[in-house]
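Breakdown of the fold
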Amino acid sequence: MAAIKEVTVKELNPQEFIKDKAEEISRAVGSGIAINALSGGVDSSVVTMLGHKALGDRLKTYFIDNGIMREGEPQQIASVFKKLGVNVEIVNAQDEFFNALKGIIDPEEKREAITQTFYKKVFGNLVKKSEAKYLLQGTILTDVDETIAGIKRQHNVFEQLGIDPQQAFGYKIIEPLVQLRKDGVRKVAEALALPSSIYNRMPFPGPALSARVIGEATSERIAVVRKATSIVEEELASTKAFQYMAILHQDRATGMRQGKRDFGMQIEVRCWDSIDARQARPTRLGFDVLDKLASRITSEVPGVVSVTYNITTKPPSTMEAV
Ligand code: XMP
């Protein structure tokens, strides 16, 4: 397998990149059909626009509602893309994902369950239904690096692990962004005239909120972290930090409510300063901001009695908890 040649943000000419990649997609797919899954993150949004440039209606774009996305996310993203002239079909796959996650505690097993559900089950069915032979996806170089290094199995990396998607899942995968890192992808997004709400959008991992639940990701526990996430995103939006998130811990802690013992849940807040996600530092949030987070999370998310702020850098931490 040939090494991937990085295109740094300095070397990148976005217009040329767009032209070259649209041609490459066109050539690869020929007169056939391709599908792609849009999550609304900058990577999958750029791939959607490149694919539409290259294939028009022969690219079928789906939003996979896996039950582990943030509040209102599927409808919100579909409506942003409708305005851009791209029809996005929302596919309800919540049961498939929660069934696959049932009883799983180990982080890598959880990631593997998500991967198999996406690629074998959900995309497998969509490929059959649409008669597509190709899946376009927004894997970037950082995903590949971290997977090869064995740090975290990113949900979208196969070839570099010696997995042939054609053999494993029955379709080919095209990865137009694999030479770029996040800063480069943002530049291309801007050049594609995507709205700034997309190209400045915070990264969000493929395994979605299940990467932010330590221990079993049941629909109830996902609902807890989803609510805490909405609060953290509201309160920290003005920081312009690279990424901020809420994490639900598995351990409980003794708290008190109305004078009674409450053995409740613990939420950890993380807020990262970073350029390309390879290294990161915790943002130096003011104590007033932290106070407000603690007070809102413990009063608005039922069952949470403890809120902490992560002060570790990456490395040795990683950005997501799972
Ligand atoms: P970590 O947790 O590895 O995260 O320090 C680095 C960046 O990658 C995002 N992330 C993912 N993105 N698929 C993705 O597309 C994944 O499986 C995945 N896991 C982590 C994370 O949100 C951060 O921006």
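For the structure itself, look to the data block above.
Residues numbered from 1 in each chain as written. Predicted model: local features only at pLDDT ≥ 70, side-chain atom pairs only at ≥ 80, totals over all residues. Heavy atoms only, no water.

1. Points about the overall build of the chain
Helix and strand counts for the chain stand at eleven helices and ten strands. Its C-alpha atoms give the chain principal-axis dimensions of roughly 70 × 40 × 40 Å. For the chain, the proportion of its 322 residues judged to be buried stands at 55%. Contacts in the chain between residues at least 24 apart in sequence constitute 75% of all its contacts with a sequence separation of at least 6. Only carbon and sulfur atoms are counted for the fraction: they give 50% of the accessible area of the chain, which is about 15,000 Å². In the chain, which carries 43 positive and 41 negative side-chain charges, the distance between the mean positions of the two groups comes to 1 Å. (Helix = DSSP H or I, 4+ residues; strand = E, 2+ residues; numbered from the N terminus. Buried < 20%, exposed > 50% of the residue type's maximum accessible area, 1.4 Å probe, protein only. Contact = heavy atoms within 4.5 Å. Areas by Shrake-Rupley, 256 points an atom, 1.4 Å probe, with all protein chains shown as cover. Lys, Arg positive; Asp, Glu negative; His and termini not counted. Charge placed at Lys NZ, Arg CZ, Asp CG, Glu CD.)

2. Focus: the site of the ligand
In the vicinity of the ligand lie 16 residues, with Glu146, Lys152, Lys314, Met319 and Glu320 positioned nearest. Arg111 has a polar side-chain atom sitting 2.9 Å from an oxygen atom of the ligand. At a separation of 2.6 Å, an oxygen atom of the ligand approaches a polar side-chain atom of Lys152. For the ligand, the accessible surface in isolation is 490 Å², of which the surrounding protein chains cover 93%. (Near = heavy atom within 4 Å. Polar contact = N/O pair within 3.5 Å; in protein donor to acceptor, adjacent residues only side chain to side chain.)

3. Things to note about the pairing of strand β2 (residues 59-65)
Along β2, six of the seven residues are buried, which leaves the element largely enclosed by surrounding structure. Summarising the sheet, strand β1 (residues 34-37) and β2 pair through four bridges and their orientation is parallel. Note that in β2 the partner of Ala37 across the bridge is Tyr62. Handedness of the β-α-β unit built from β1, helix α2 (residues 42-55) and β2 comes out right-handed. Where β2 lies against strand β3 (residues 88-92), five bridges are found, and the strand directions are parallel. (Pairing = 2+ DSSP bridges. Right-handed = clockwise from strand over helix to strand, strands pointing away.)

4. Section: the nonpolar core
In this structure, Val46, Ile64, Phe81, Tyr119 and Leu177 are the most contacted members of the largest nonpolar core, which totals 88 residues. Filtering out sequence-adjacent residues up to four positions away, Val46 remains in contact with Leu177, Val185, Val188, Ala189, Leu192 and Leu194. Listed in part, the seven residues of the second largest apolar core include Phe242, Ile247, Trp272 and Met319. (Core = buried A, V, L, I, M, F, W, Y, C linked by side-chain atoms within 4.5 Å.)

5. Considerations on the side chain of Thr139
Structurally, the position occupied by Thr139 is in the loop between β4 (134-136) and α6 (141-148). At a separation of 3.1 Å, a polar atom in the side chain of Thr139 contacts the side chain of Gln137. Within polar-contact distance, the side chain of Thr139 engages the backbone oxygen of Asn156 at 3.4 Å. With sequence-adjacent residues up to four places away left out, Thr139 is seen in contact with Val144, Asn156, Val157, Glu175, Leu177 and Val178.

6. Some words on the packing of aromatic side chains
Using the criterion set out here, one finds eight aromatic pairs in the structure. Judged by centre distance (5.2 Å) and plane angle (75°), the ring pair of Phe158 and Phe169 falls under edge-to-face. Taken together, the residues Phe158 in the loop between α6 and α7 (165-169) and Phe169 in helix α7 connect sequence positions eleven residues apart. By the burial criterion, Phe158 is buried, and Phe169 matches it. (Phe/Tyr/Trp six-rings, centres within 6.5 Å; stacked < 30°, edge-to-face > 60°.)

7. A short note on the packing of helix α4 (residues 94-101) against helix α5 (residues 107-130)
Axis separation between α4 and α5 bottoms out at 9 Å; the angle between their running directions is 145°. You can see that α4 and α5 cross each other, and the crossing is right-handed. Side by side, α4 and α5 meet where Glu96, Phe97, Ala100 and Leu101 of the first sit next to Lys110, Ala113, Ile114, Thr117, Phe118, Lys121 and Val122 of the second. Looking at the contact of α4 with α5, its residues break down into seven nonpolar, one polar and three charged. (Axes fitted to C-alpha atoms, helices over the stretch in contact; angles between N-to-C directions. Left-handed = near helix turned anticlockwise from the far one by under 90°. Nonpolar A, V, L, I, M, F, W, Y, C, P; charged D, E, K, R; others polar.)

On their own, these measurements won't tell you what the molecule is for.
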